[in-house]
There are 6 protein chains.
Amino acid sequence: MFDPGLEAIIDLALAEDIGTGDITTQVTVPPATRATGVILAKAEGVISGMTVAGAVFARVDPSVTFQQSVADGESVTAGTTLGHVAGPARSLLAAERTALNLLQRLSGVATSTARHVAAVAGTNARIVDTRKTTPGLRTLEKAAVRHGGGHNHRFGLADGILIKDNHLAALGAPGAPDRVARAVRHARANAPHTLRIEVEVTTLAELDEALAAEADVALLDNMDVAQMREAVVRTAGRAVLEASGGITLDRLRAIAETGVDLISVGALTHSAPALDISLELVLDPTP
Amino acid sequence: MFDPGLEAIIDLALAEDIGTGDITTQVTVPPATRATGVILAKAEGVISGMTVAGAVFARVDPSVTFQQSVADGESVTAGTTLGHVAGPARSLLAAERTALNLLQRLSGVATSTARHVAAVAGTNARIVDTRKTTPGLRTLEKAAVRHGGGHNHRFGLADGILIKDNHLAALGAPGAPDRVARAVRHARANAPHTLRIEVEVTTLAELDEALAAEADVALLDNMDVAQMREAVVRTAGRAVLEASGGITLDRLRAIAETGVDLISVGALTHSAPALDISLELVLDPTP
Amino acid sequence: MFDPGLEAIIDLALAEDIGTGDITTQVTVPPATRATGVILAKAEGVISGMTVAGAVFARVDPSVTFQQSVADGESVTAGTTLGHVAGPARSLLAAERTALNLLQRLSGVATSTARHVAAVAGTNARIVDTRKTTPGLRTLEKAAVRHGGGHNHRFGLADGILIKDNHLAALGAPGAPDRVARAVRHARANAPHTLRIEVEVTTLAELDEALAAEADVALLDNMDVAQMREAVVRTAGRAVLEASGGITLDRLRAIAETGVDLISVGALTHSAPALDISLELVLDPTP
Amino acid sequence: MFDPGLEAIIDLALAEDIGTGDITTQVTVPPATRATGVILAKAEGVISGMTVAGAVFARVDPSVTFQQSVADGESVTAGTTLGHVAGPARSLLAAERTALNLLQRLSGVATSTARHVAAVAGTNARIVDTRKTTPGLRTLEKAAVRHGGGHNHRFGLADGILIKDNHLAALGAPGAPDRVARAVRHARANAPHTLRIEVEVTTLAELDEALAAEADVALLDNMDVAQMREAVVRTAGRAVLEASGGITLDRLRAIAETGVDLISVGALTHSAPALDISLELVLDPTP
Amino acid sequence: MFDPGLEAIIDLALAEDIGTGDITTQVTVPPATRATGVILAKAEGVISGMTVAGAVFARVDPSVTFQQSVADGESVTAGTTLGHVAGPARSLLAAERTALNLLQRLSGVATSTARHVAAVAGTNARIVDTRKTTPGLRTLEKAAVRHGGGHNHRFGLADGILIKDNHLAALGAPGAPDRVARAVRHARANAPHTLRIEVEVTTLAELDEALAAEADVALLDNMDVAQMREAVVRTAGRAVLEASGGITLDRLRAIAETGVDLISVGALTHSAPALDISLELVLDPTP
Amino acid sequence: MFDPGLEAIIDLALAEDIGTGDITTQVTVPPATRATGVILAKAEGVISGMTVAGAVFARVDPSVTFQQSVADGESVTAGTTLGHVAGPARSLLAAERTALNLLQRLSGVATSTARHVAAVAGTNARIVDTRKTTPGLRTLEKAAVRHGGGHNHRFGLADGILIKDNHLAALGAPGAPDRVARAVRHARANAPHTLRIEVEVTTLAELDEALAAEADVALLDNMDVAQMREAVVRTAGRAVLEASGGITLDRLRAIAETGVDLISVGALTHSAPALDISLELVLDPTP
């Protein structure tokens, strides 16, 4: 389906890899040579990006067939066959690296997300992503987070209201009377009715202000576990609570057990190592 | 200087983050509010992407001033001030995340590269990158590798000849007589004279073939240290030798000490965690 | 500030008007001729698009000076001077039509909106727009609605959840038990926490379902005034209520007085006549 | 057939509507759900934009079938079925609004044009459009004018010569001897031989000058009916005459009866209300 | 001034030349090195493309100064200084080839045109170009033709009506009664009034038909000089006459002397050799 | 196969030719008319661009069938049928000129190259192209050179190292001790290992320096035949030698016989006259 961002990043990636042409292939592989390939997971993880990889092959050459054995979101073990490709050898060689670069990175994000999700299993907390995504890959990485079992925070500045420290500063220095509450009310008066109002709080006093102003969501910024627990008690369901800031896998369970609703983790997208995936091609020998 | 790829990725990244507009800022920060900000390293590492970050701010609003205190390629400690920005608060808030996402990722690549380079200090081996880069960021990540002290392999399929297993397959099954040598000679006869001929070899017998055919560079694919040492002896300076395949930081020193010329490491770009860098903004309070 | 959609529509509009060049001007106006111009409202209304018009002149020729006397959102009478331009005559003639076409259309939208807003003055109802905007001008027309005193509904499919009849159909035929409630709960479970859940209801029974499922907003589709009044009573503040469907200026007051919170009007953008605005140029006679 | 402007406006319109994805549909409609739809005129008018709407659906998803029952240019009554669509429900929901926005606007232009054409039936006058079109939609709206029975004036600054007041100013103040004639002769000497020379005249004296200089077309700017009648007499077929300026539907017949050849009407494109057209979708219930 | 086609071709040309970066310069010229350069004609000819060359340097680096000593359209001798550039050496080296490639080609077209124009000096015939231009350079090459003293035929299919053999075929086989006249009348009835009607004729009988139908221009296709002379006599000023088809420099004078108005020459743009122009750079030695 | 540069130049060329539409065809050829055409060589030469021409027709209308009788790289005589097209007449007429403009130019380059290659037949010298290509057509013209039997030099600044006079100047004035050698060593230390190092030399002393520094390729700039012969002797196979500078067809044989390896000729691409090729269309008469 129409996805101009996907078309743009695929074209950009192919252009930077193929440039004026695959010179090695031109001087070693005859144009008529055909090949088949198998896409293999070389490590265990959660797959994301198979449909994207298919789109890469289709963009390079619509005559390539791409058959997908594993769906985005499935967990696989090392050695699992993810899919097959077949077509002109030159086309497969031209698409190979770009398809794999996308598939490996997105599967890396999905796999990292799945680990975070597993760590909070049985609690009410959702793992959510941030805007700390790879430039150009925002939508794809947000999908990878979902494939890993996580949930998405807003996609960008236009589809969510999150009043941060910097915005609050426009209404007075920290501690200025009623600063948080004024910001929330101002936002509600002006924002589209389709968006919830989320506000960042750094103290329990600010949280009280946010609740009084009927903020929909409060982001608990860099609070410790004891503070979060108290925040949950005070809030008593009147707002959604998001834990955020310096959250690592080893603290995750304790945070989730405070009762917060959401835990946002930038590392899901900015520091996930790629999942090892290969494409084994077999070229027909030249007759 | 003109860099259409840089313009394209900045536009794509800004478009996906800003979308139809920064709604939070619109409903909380008056248009006339100004702000200043300081870019801070929150961890030690090697910086890359400062000029790119400057280009992001300039693209969002040419009236923003961006002052750079640390050059790309410099090592910094946690707490180092990297630069300052000043301008309309709305512009800084709109550019912030995209600038940081690029700067953090590229500095992550530079920092990871520097660690690999340090591990081979005193040997003749160069650390080189691969084509396993982030889609859309190829040129920027290649620069980050240089900023970290590494060297670049080819930028794409057009500026280097690297005959791999798949290309060899077009000339016969593995072990087919003279397959490597035929490929090298075929490439030389057809390729531009500006490019060296590099060929992948998986055995010492194939290396002998490559040397006999006067390949310029041989890529030693997944060899163990003993094989590499023997390869260096046999080659005796007649070709450049590149070690490649499954190379991790802990094996790096031993590989370098075999005497190979180049060690290529995909993880420099596909699995480097982001370097923690923040932008602390101070908005002028509304008068 | 960065606005890729604005750049795109300005380039598209200039390209279709200027094409391979303004042949009339080339054969009648010498290149060195300079001109000044005054932008005049020829009818009363609310202005929107002055900054956009300025961007058009700047895109055609950065040396043109554009001075704005009236801000977007101001009401003017016929004869009001909106601004002045000065620069090379050829540049002004090339930009004139595109700048005016945008300014007239957007001011038409703002003026129409202001009329609708005036009709509900003193009630609690907000006038909101729809997605029935001119293709390519969505963001600009949404701003024009704000300039006219209206509020924006969602900007597109990504920044708001509005479950309509068609979506409900996927969960069963109209009247299927609990169809509305199931849809709302399903959306809440899967949607980003940043977005409110709005659902379209066509009967009061469906409204009850929506309220039971804690929908944030209910869209009252094509209800008559009596039904709306009853809907307000039943809702009792538990959800935001939006009146929608076939709303015309003459019914507006009565609808607003039912107590609904929002009234959405497609005609604000799809059928607003252009406001008559002219650019009177004075060319320096050729010396 | 290739139409880069059409591709550009469709992509722009889809991008602004779909953005990062149709979140409502994603959380309520399963990916495998299919749907069918019927496009219905809800008011009487002349249709334009059916092929454009088809292109929108094809751009969103080439697997959607679009079947057209009414051709562009046909008159329909309220309730007429214009066509049918069928395909994946998610694709139809994503394309729906953009397709309708284009179809409604273009049919609005065609319908308005048809009303103007009807008003001059039986005279020799042609109704022609202007450059006062919606930015980005020039070519489509010009086609809509033809569908409504009107004719096109030039498409832009490159495909016609129309010497206006502003151009004349470069040759001297109004009344400067022979200003109109000099402009016409200068244009003829320099313009491509493929273009006719049209010149704007505001007085009968200027018309005489234009005729003496053998202008091909004279635009009678803001003349009253008596002046136009006299202009027709004086011209005696030596030039084409175009009436222009503040022309409204109720004056149209009288103007046409003066014998002018062309009457240009900006309102055809800048102020035509959209024609009411709906797409009624039926989603298959989830099995 | 705004010229999207110019921006597009410059970006395309720079992208294909610079690609991922000027590697030679990066490894030999320090970033701080500055340089100056002089643009020199190495052969006599007519210059076209100086402003275009300036735009190339500005696109690569806005800090480069470009000073133009010779205007487009001037004749120069070998050794003439055309202009000077100064700025960062890396920027000048990156822009050099693209700027020169455009300047040499366009000056080649201007020079070739000037030779053709000189050959018809003293006659009434204008030399005009065709649509046989370099893909992507249409507008620039049409300007070069004017710089060389020629005139432009239509710029493309949209700004002129030229009914050729192929179009006539739709109305019947050659010789079908009144085929030419019917085509002309049909065109007049449907075409915008801004365009003249030109029709291709291959015989004097067809010319008679064209004249009877009041065609504005007749293209005499592949006629010999005697036929053209007769055509001029028969036409007696009732239409503009264009000679076309296989016209070479040595036949030009004789053709012009027949009295035809226009002679169109494809070779002006499709076969003009480049004019030899160089850029002599002087780099400041590294301190 | 994916070729973004090709897509870009085809779109640019079609847009400049078709613009807002083929008005002549619209007013003379009914939409349902079909046509067939034959592509004919009107002169002898080497064909290049047939696949490109096919891509033009496919871009205009995917329903057009394009059948290729002669492959790129084949020599043909005048009168040879190169291929056939069939489809809607309007589509063929819209694509015709752009397809031919590309095919004629590229075949002109291939034909000129073939003449140069023939002139050195039996020697060891290869004819190579330069970066003096038509802006926007670099990759296509480089392919045409190969079709004519030539070889390619680097495609742009990124895929080859060629140290010229200007780069040397950064290391000292001509004659500065060891300037050439220092440049070569500096390049080797910093350049990717995939690229050979080529350096321009203007004297035999500089050649000696280049050889001592183990340059891979030496470009002999504007040397006479005697100097070249001596250069070959001195080099004795230690480097590849390229003759360059003011090389014309009549000097070519003598240069080749000196024993140089490569002769680069800018005129292959910057001054090749188009090959005369026509498309003869036959439109079905209107029923």
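This one's a predicted model, so the numbers in the text were calculated from it and none came from an experiment.

Draft legend 1. Inspection of the overall build of chain A at higher detail. Helix and strand counts for chain A come out as eleven helices and twelve strands. Each principal axis of the C-alpha atoms in chain A carries an extent, and together these give about 80 × 35 × 25 Å. Contacts spanning at least 24 positions in sequence make up 69% of the contacts within chain A whose residues lie at least 6 apart. Taken together, the 25 basic and 33 acidic charged side chains of chain A have centroids lying 3 Å from each other.

Draft legend 2. Region of interest: the relation of the copies chain C and chain E. The transformation that overlays chain C on chain E combines an axial shift of 0.0 Å with a rotation of 120 degrees, and the residual RMSD is 0.0 Å. Those values place the two copies in the arrangement expected of a three-fold rotation axis.

Draft legend 3. Spotlight on the interface of chain C and chain E. Between chain C and chain E, the residue contacts involve ten residues of the former and six residues of the latter. Across the chain C/chain E interface, buried area totals approximately 760 Å², and carbon plus sulfur atoms make up 67% of it. Area buried by chain C at its contact with chain E is led by Thr20, Arg59 and Val60 of chain C, which between them contribute 53% of it. In this assembly, chain C and chain E are joined by one salt bridge.

Draft legend 4. Highlighting the pattern of salt bridges. Per the counting criterion, the structure on display carries 68 salt bridges over all chains. Close ionic contact of Arg196 of chain A with Asp216 of chain C constitutes a salt bridge, the shortest N to O distance being 4.0 Å. Here Asp216 of chain C lies in the loop between α8 (204–212) and β9 (217–221) and Arg196 of chain A lies in the loop between α7 (179–190) and β8 (197–201), a pairing that spans two chains. An identical accessibility class is assigned to Arg196 of chain A and Asp216 of chain C; each is buried. As a salt-bridge pair, Arg59 of chain C and Glu7 of chain E come within 2.9 Å of each other at their nearest N and O atoms. Of this pair, Arg59 of chain C sits in helix α3 (residues 50–60) while Glu7 of chain E is found in helix α1 (residues 4–18), placing the two residues in two different chains. Note on Arg59 of chain C: relative accessible area 26%, which makes it partly exposed. Look at Glu7 of chain E and you get partly exposed, because its relative accessible area is 36%. Each of Glu7 of chain A together with Asp11 and Arg59 of chain D takes part in one network of salt bridges that share partners.

Draft legend 5. Focus on the packing of aromatic side chains. The final tally for this structure, using the stated rule, is six aromatic pairs over all chains. The interplanar angle of 25 degrees and the centroid separation of 6.0 Å between the aromatic rings of Phe57 of chain B and Phe66 of chain B together place this pair among those described as stacked. Directly above the ring of Phe155 of chain C sits Lys142 of chain C, whose terminal nitrogen or CZ lies 5.4 Å from the centroid.

Draft legend 6. Molecular detail of the interface of chain B and chain A. Taken together, the contacts link 64 residues of chain B with 64 residues of chain A. Of the roughly 5200 Å² buried between chain B and chain A on both sides combined, carbon and sulfur atoms contribute 58%. Counting every contact that joins chain B to chain A gives 31 residue pairs in polar contact (both at pLDDT 80 or more). Residue composition of the side of chain B that touches chain A, grouped by class: 34 nonpolar, 19 polar and eleven charged.

Draft legend 7. Representation of the sheet that holds strand β11 (residues 262–264) of chain B. Residue and element names in this part refer to chain B. Pairing within the open sheet is parallel, and its six strands lie in the order β6-β11-β10-β9-β8-β7. A single partner strand is all that each edge strand has here, and the edge strands are β6 (126–128) and β7 (161–163). With strand direction ignored, the average angle separating the axes of adjacent strands in the sheet is 25 degrees. Examined bridge by bridge, β6 and β11 share three bridges and lie parallel to one another. Bridge pairing links Ile127 to Ile263 in β11. Sheet contacts for helix α8 (residues 204–212): β8 (197–201), β9 (217–221) and β10 (240–244); angle to β8, the most-contacted strand, approximately 165 degrees. This element, helix α9 (residues 225–235), spans β9 and β10 of the sheet and lies at about 170 degrees to β10.

Draft legend 8. Representation of α1 of chain E. Taking 1.5 Å per residue as the helical rise, α1 of chain E with its 15 residues ought to reach 21 Å, and the 21 Å between its terminal C-alpha atoms agrees with that figure. Among the residues making up α1 of chain E, those that are buried are Leu6, Ile9, Ile10, Leu12, Ala13, Leu14, Glu16, Asp17 and Ile18 of chain E. For α1 of chain E, the elements touching its buried residues are α3 (50–60), α4 (89–119) and α5 (138–147) of chain E together with α1 (4–18) and α5 (138–147) of chain F.

Draft legend 9. Focus on the arrangement of the chains. Here chain A and chain E are not in contact; the least distance found between their C-alpha atoms is 8 Å. Note that chain C does not reach chain F: the shortest distance linking a C-alpha of one to a C-alpha of the other is 8 Å.

Draft legend 10. Examining the relation of the copies chain B and chain A more closely. Taken as rigid bodies, chain B and chain A are interconverted by a rotation of 180 degrees and an axial shift of 0.0 Å, the fit giving an RMSD of 0.0 Å. What the rotation and shift describe, once combined, is the action of a two-fold rotation axis. A share of 100% of the interface residues of chain B reappears at the interface of chain A, consistent with the copies meeting face to face through the same patch.

Draft legend 11. Region of interest: the sheet that holds strand β3 (residues 65–68) of chain F. Residues and elements named next belong to chain F. Spatial strand order, β3-β5-β1-β12: four strands in an open sheet with antiparallel pairing. Each edge of the sheet is formed by a strand with only one pairing partner; in this case those strands are β3 and β12 (277–283). Strand-to-strand twist across the sheet, computed as the mean angle between neighbouring axes with direction ignored, equals 15 degrees. Bridge count for strand β1 (residues 34–41) against β12 is seven bridges, and the pairing is antiparallel. In the strand pairing of β12, Ile39 is matched with Leu279. Contacts from helix α3 (residues 50–60) reach β1, β3, β5 (81–88) and β12, with the element oriented near 175 degrees to β3. Strands β1, β5 and β12 of the sheet are contacted by helix α4 (residues 89–119), whose axis makes an angle of about 165 degrees with β12.

Draft legend 12. Layout of the packing of α8 of chain B against α9 of chain B. All names here are of chain B. For the pair α8 and α9, interaxial distance at closest approach is 11 Å and the crossing angle is 25 degrees. In terms of axis orientation, α8 runs roughly parallel to α9. Helix-helix and strand crossings are classified by hand; for α8 and α9 the assignment is right-handed. On the side of α8, the interface is formed by Leu204, Leu207, Asp208 and Leu211, while α9 contributes Gln227, Glu230, Ala231, Arg234 and Thr235. Residue classes in the contact of α8 with α9 are distributed as four nonpolar, two polar and three charged.

Draft legend 13. Region of the structure containing unusual backbone geometry. The phi dihedral of Asn222 of chain A falls on the positive side, at around 55 degrees, and the residue is not glycine. The residue Asn222 of chain A is located in the loop between β9 (217–221) and α9 (225–235) in this model. A relative accessible area of 52% places Asn222 of chain A in the exposed class. With phi around 70 degrees, Asp178 of chain D is a residue other than glycine that occupies positive phi space.

Procedures and definitions
- Residues numbered from 1 in each chain as written.
- Chains lettered and ligands numbered in written order.
- Predicted model: local features only at pLDDT ≥ 70, side-chain atom pairs only at ≥ 80, totals over all residues.
- Heavy atoms only, no water.
- Helix = DSSP H or I, 4+ residues; strand = E, 2+ residues; numbered from the N terminus.
- Contact = heavy atoms within 4.5 Å.
- Lys, Arg positive; Asp, Glu negative; His and termini not counted.
- Charge placed at Lys NZ, Arg CZ, Asp CG, Glu CD.
- Least-squares fit on C-alpha atoms with pLDDT ≥ 70 in both.
- Buried area = accessible area lost by both parts, 1.4 Å probe.
- Salt bridge = Lys/Arg side-chain N within 4 Å of Asp/Glu carboxyl O.
- Buried < 20%, exposed > 50% of the residue type's maximum accessible area, 1.4 Å probe, protein only.
- Phe/Tyr/Trp six-rings, centres within 6.5 Å; stacked < 30°, edge-to-face > 60°.
- Lys NZ or Arg CZ within 6 Å of the ring centre and 35° of its normal.
- Polar contact = N/O pair within 3.5 Å; in protein donor to acceptor, adjacent residues only side chain to side chain.
- Nonpolar A, V, L, I, M, F, W, Y, C, P; charged D, E, K, R; others polar.
- Pairing = 2+ DSSP bridges.
- Axes fitted to C-alpha atoms, helices over the stretch in contact; angles between N-to-C directions.
- Expected span 1.5 Å × (residues − 1).
- Parallel < 35°, antiparallel > 145°, perpendicular 65-115°, else oblique.
- Left-handed = near helix turned anticlockwise from the far one by under 90°.

These results come straight from atomic positions and should not be treated as a statement about function.
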